[in-house]
Amino acid sequence: EAGVVQSPRYKIIEKKQPVAFWCNPISGHNTLYWYLQNLGQGPELLIRYENEEAVDDSQLPKDRFSAERLKGVDSTLKIQPAELGDSAVYLCASSKKITGELFFGEGSRLTVL
Amino acid sequence: AQKITQTQPGMFVQEKEAVTLDCTYDTSDQSYGLFWYKQPSSGEMIFLIYQGSYDEQNATEGRYSLNFQKARKSANLVISASQLGDSAMYFCAMRADQTGANNLFFGTGTRLTVIP
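Note that the structure is a prediction, hence the values are computed from the model and not measured. (Residues numbered from 1 in each chain as written. Chains lettered and ligands numbered in written order. Predicted model: local features only at pLDDT ≥ 70, side-chain atom pairs only at ≥ 80, totals over all residues. Heavy atoms only, no water.)

> Whenever I open this one, the side chain of D86 of chain A confuses me. Can you help?
Note on placement: D86 of chain A falls in the loop between β8 (75-79) and β9 (88-95). Contact partners of D86 of chain A, with chain neighbours within four places excluded, come to R64, F65, I79, P81, L110 and V112 of chain A. (Helix = DSSP H or I, 4+ residues; strand = E, 2+ residues; numbered from the N terminus. Contact = heavy atoms within 4.5 Å.)

Structural data, given as structure tokens:
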């Protein structure tokens, strides 16, 4: 069974540029999460989807961050414009049911110069 | 609000020895779940073990066991017979089913180094 796939693994951009991250969850997993992980910290939830619906986006900075999950499968997380403080790892995870364990991708490491 | 505390930024253990990684939590929910994840240098978070708040027995998965003390609100991870490949960051996490809206909240992690 394929795991959670994320791309790109690494991205370096200049501040004020846009960036997008893509996530393909495990087949059959209805719940999808985007987490932000700063260096030396634990992951922090940005947004959670149940199928196509964003059921918890309270921690997503909506002035510059947006996310979508069309057709309830793949998801895209976008930052526009990026700021220096956005440098971090963006982790995508999925679970089969809301109470199940989360399976994570390898993350997308963003560096904003 | 949910809170996970890991007070050990770093731990060292001799190969083949056992090690305990500490985790305390705080929640007002009666129903919750506790998780441990391993994050090697590659960056992927790997699920290790789960304990439900109503589980009476401590969870075990191979060399991993979770020492669950509900009254003390602690959920320590015990790794027996440490291996060099166990060197990684370890995160304790909690999902509170009511006030936490089933989201998973993580602690700040403990970096484990296994010494040959």
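> Sorry, what's going on with the state of the cysteines here?
A covalent bond between the sulfur atoms of two cysteines is what we call a disulfide. Enumeration over the complete set of coordinates arrives at two disulfides over all chains. The disulfide partner of C23 of chain A is C92 of chain A, and the gap between their sulfur atoms is 1.9 Å. One quick way to see it: the torsion about the S-S bond of C23 of chain A and C92 of chain A is about -70°, and its sign makes the bridge left-handed. Here the residue C23 of chain A occupies a position in strand β3 (residues 19-24), and C92 of chain A occupies one in strand β9, the gap between them amounting to 69 residues. Taken as a pair, C23 of chain A and C92 of chain A share a single burial class, namely buried. With a sulfur-sulfur separation of 2.0 Å, C23 of chain B is cross-linked through a disulfide to C92 of chain B. Sign of the S-S torsion, about -65° for the bond between C23 of chain B and C92 of chain B, identifies this disulfide as left-handed. Of this pair, C23 of chain B sits in the loop between β3 (19-21) and β4 (24-26) while C92 of chain B sits in strand β10 (residues 88-96); the two residues are 69 residues apart in sequence, bridging distant segments of the chain. The residues C23 of chain B and C92 of chain B share a single accessibility class, namely buried. (Disulfide = S-S within 2.5 Å. Buried < 20%, exposed > 50% of the residue type's maximum accessible area, 1.4 Å probe, protein only.)

> Where do I start with the interface of chain B and chain A in this structure?
Interface extent is often summarised as the accessible area lost during association of the parts. Listed by partner, the interface residues are 17 residues for chain B and 20 residues for chain A. Interface area for chain B against chain A, summed over the two sides, is near 1,500 Å², with a carbon-plus-sulfur share of 49%. Taken together, the connections running from chain B to chain A amount to zero salt bridges. Inspection of the chain B/chain A interface yields six residue pairs in polar contact (both at pLDDT 80 or more). Broken down by secondary-structure element, the contributors of at least two residues to the side of chain B that touches chain A are β5 (32-39), β10 and β11 (104-106) of chain B. (Buried area = accessible area lost by both parts, 1.4 Å probe. Salt bridge = Lys/Arg side-chain N within 4 Å of Asp/Glu carboxyl O. Polar contact = N/O pair within 3.5 Å; in protein donor to acceptor, adjacent residues only side chain to side chain.)

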